[in-house]
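# Residue-level structure breakdown
The residues making up each chain are set out below.
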Amino acid sequence: MERFSSEDISKFKACLKKKRETIVLVPHINADGDATGSVFGLWKVLKNMGLDAKVISPNSYANYYNWMCGHSEAIVFTWKKDYATKLMGQAGILICMDFNQPSRAGEMESLIEGFQHTRILIDHHPYPADFADILISDTKRSSTAELVFALLCEAGLQEYIDKDAASCFFAGIMTDTGSFNYNVSDPETFQTISKLLKYGIDQDAIHSAIYDNFSEERMRLLGFCLNSRMKVFPQYHAAYLYLTKEDQKTFNFRKGDSEGFVNFPLSIKDIHFSAFFTENDDHVKVSFRSKGNFPVNRFSEENFNGGGHLNAAGGEIYVTLQQAIDTFENLLPSYEEQLKKSENK
Ligand SMILES: [Mn+2]
């Protein structure tokens, strides 16, 4: 649902006019292509407007986003806590992007909650928490990047968008739609792409930088995972993958190495629900994907302390890997009817 009005746009614009204030942009923890693309794209636009903008990421993000403008100046909170905290204290505007509640900013949660000045939230996830002074929310958008681009155009700020910013926005839309594969039923998404291409962006290079950037270990890990760590349940149209801590060690696992793995089971005929479990020290991280109308956000909320979108969600559970997997397997029968129906969307 569209949740921002022309009044919000005016407020957003008016707020940027206070030129002397530092603006801090924050993506969610474990920032993905949309979170990084949105913050770095908007960062460049604000810079082009002559404003003082800083990106503070709650933790580090995958290195295949390092080509984005502003990356070299970005501050990783977990590496520079004191400096980042001081900067937050001096900032006059905080812009949270691609997340709907302060807890999604990891260790920056309390800093966001305690922020004394203007808080802006720009996001496309459902049920945004009530912590922002200016809420730019539209759950119909494919990505936050698409939403930011629309916001900038509606605010009459398109003259400040350049090739660098457009490249970041393109990356955000591309990654949140699985390369224009899902969440793209709204014609406006492709209209946005069309407008972004006019900035002369190199879409092949962007795609390549993000998707053709596997390390040898990551490629072997994917092969191993599909071969030895996948279980398929044809009767439930479901499948899952998992990685133990031992597996991660064997393949010299680095952050981002398993990004996208959860999508692979959906390429199997008649599988429309996929889960991916990653074992951590005291909890198990789970990602969910679906095709059709099976709501993985609700499934994750109800069973794995998570949430997200209809077709893409995440969660985490403080049990052993085996217990997490058992929970999942035991739940499948109760969703049989829903999973069966989801194939005819
Ligand atoms: Mn997103």
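This is a predicted model, so every value here is computed, not measured. Starting from 1, residues in each chain are numbered consecutively following that chain's sequence as written. In keeping with the predicted nature of the model, local features appear solely for residues at pLDDT of at least 70, side-chain atom pairs appear and are counted solely at 80 or more, and the whole-chain, interface and lining totals rest on all residues.

## Looking at the overall build of the protein
Heads up, the rule is: Under the DSSP-based scheme used, a helix requires at least four consecutive residues in state H or I and a strand at least two consecutive residues in state E, with every element numbered from the N terminus. Here the radius of gyration uses the C-alpha set of atoms, whereas the globule reference equals 2.2 Å times the residue count to the power 0.38. Our exposure labels follow a C-beta count within 10 Å of each residue's own C-beta, placed from the backbone: buried means 20 or more other C-beta atoms, exposed means 12 or fewer, and partly exposed covers the counts in between. It is the C-beta atoms, placed from the backbone, that decide contacts: two residues are in contact if theirs lie within 7 Å.
Per the secondary structure count, the protein includes 13 helices and 12 strands. Radius of gyration (C-alpha) of the protein: 20 Å, near the 20 Å computed for a compact globule of 345 residues. Looking at the protein residue by residue over its 345 residues, the buried ones come to 44%. Considering only contacts in the protein between residues 6 or more positions apart, those separated by 24 or more positions represent 66%.

## Here we look at the packing of helix 5 (residues 144-154) against helix 6 (residues 163-176)
The geometry of a pair of packed helices is captured by two quantities: the angle between their axes and the separation between those axes. Where we set the bar: Think of each axis as a best-fit line through the C-alpha atoms, taken over the contacting stretch in the case of a helix, with angles from 0 to 180 degrees between the N-to-C directions. Should an angle fall under 35 degrees it is taken as roughly parallel, and over 145 as roughly antiparallel, whereas 65 to 115 is taken as roughly perpendicular and any remaining angle as oblique. Three categories are distinguished: nonpolar for Ala, Val, Leu, Ile, Met, Phe, Trp, Tyr, Cys and Pro, charged for Asp, Glu, Lys and Arg, and polar for the others, with Gly belonging to the last.
Direction vectors running N to C along helix 5 and helix 6 enclose 140 degrees, while the axes themselves pass 7 Å from each other. Judged by the angle between their axes, helix 5 and helix 6 are oblique. Each of T144, A145, E146, V148 and F149 in helix 5 lies in contact with helix 6, whose residues at this interface are F169, G172 and I173. Here the contact of helix 5 with helix 6 is built from residues that sort into 5 nonpolar, 2 polar and 1 charged.

## With respect to the sheet that holds strand 7 (residues 230-233)
Note the following rule: For two strands to pair, DSSP has to find at least two bridges joining them.
Taking strand neighbours across the sheet as the criterion, the 6 strands line up as 7-8-9-10-12-11 in an open arrangement whose pairing is mixed. One side of each edge strand has no neighbouring strand; the edge strands of this open sheet are strand 7 and strand 11 (307-308). Here strand 10 (residues 284-290) pairs with strand 12 (residues 312-317) via 6 bridges, running antiparallel. Looking at strand 12, one finds that S287 is bridged to G314. Set on the sheet, helix 12 (residues 321-331) makes contact with strand 8 (238-243), strand 9 (273-279), strand 10 and strand 12; between it and strand 9 the angle comes to about 165 degrees.

## Focus: the pairing of strand 8
The element strand 8 is largely enclosed, with a buried count of 6 among its 6 residues. With 4 bridges connecting them, strand 7 and strand 8 associate as antiparallel partners. Bridge assignment links V232 to a residue of strand 8, and that residue is A239. Count of turn residues in the strand 7/strand 8 antiparallel hairpin: 4 residues, of which H237 carries a positive phi of about 55 degrees. With 6 bridges joining them, strand 8 and strand 9 adopt parallel strand pairing. Its bridge partner being in strand 9, A238 is matched across the sheet by F273.

## What about the packing of helix 6 against helix 7 (residues 187-197)?
The cut-off we apply is this: Here a crossing is taken to be left-handed if its near helix is turned anticlockwise relative to the far helix by less than a right angle, and right-handed if that turn runs clockwise.
Interhelical geometry of helix 6 versus helix 7 gives an angle of 150 degrees and a closest axis separation of 10 Å. By the angle between their directions, the pair helix 6 and helix 7 is classed as roughly antiparallel. Taken as a pair, helix 6 and helix 7 cross one another with a handedness that is left-handed. Across from A166, F169, F170 and I173 in helix 6, the residues of helix 7 making contact are T189, T192, I193 and L196.

## With respect to the sheet that holds strand 4 (residues 93-97)
As summarised here, the arrangement of the 6 strands in space is 3-2-1-4-5-6, forming an open sheet in which the pairing is parallel. Across the chains shown, the open sheet's two edge strands, defined by having one partner strand only, are strand 3 (75-76) and strand 6 (134-137). Pairing geometry for strand 1 (residues 22-27) and strand 4, over 5 bridges, is parallel. By the bridge assignment for strand 4, V24 is matched with L94. In the packing of helix 1 (residues 6-16) onto the sheet, contacts are made with strand 4, strand 5 (118-123) and strand 6, and the angle to strand 6 comes to roughly 120 degrees.

## Some thoughts on the pairing of strand 9
Buried residues dominate strand 9, accounting for 6 of its 7 residues. Counted along the chain from strand 9 to the antiparallel partner strand 10, the turn is 4 residues long.

## Here's the deal with helix 5
With 8 of 11 residues buried, helix 5 lies mostly within the body of the structure. G156, located one to two residues past helix 5, shows a positive phi value of around 70 degrees.

## What to know about the domain arrangement of the protein
Which entries qualify depends on this criterion: Residue ranges assigned to each domain were obtained from an automatic or database domain assignment.
Domains assigned within the protein are domain 1 (6-211) and domain 2 (216-341). Centre-to-centre separation of domain 1 and domain 2, based on C-alpha positions: 27 Å. Contacts between the two partners involve 7 residues from domain 1, matched on the other side by 7 residues from domain 2. Broken down by class, the residue content of the side of domain 1 that touches domain 2 amounts to 3 nonpolar, 4 polar and no charged.

## Notes on unusual backbone geometry
Unlike most non-glycine residues, D98 shows phi in positive territory, near 70 degrees. Locating D98 in the fold gives a position in the loop between strand 4 and helix 4 (109-113). Judged by the 29 C-beta atoms lying within 10 Å of it, D98 is buried. Positive phi is not limited to glycine here, since N252 has a value of about 55 degrees. Within the fold, N252 resides in the loop between helix 10 (245-250) and strand 9. Accessibility expressed as a C-beta count within 10 Å gives 13 for N252, which makes it partly exposed.

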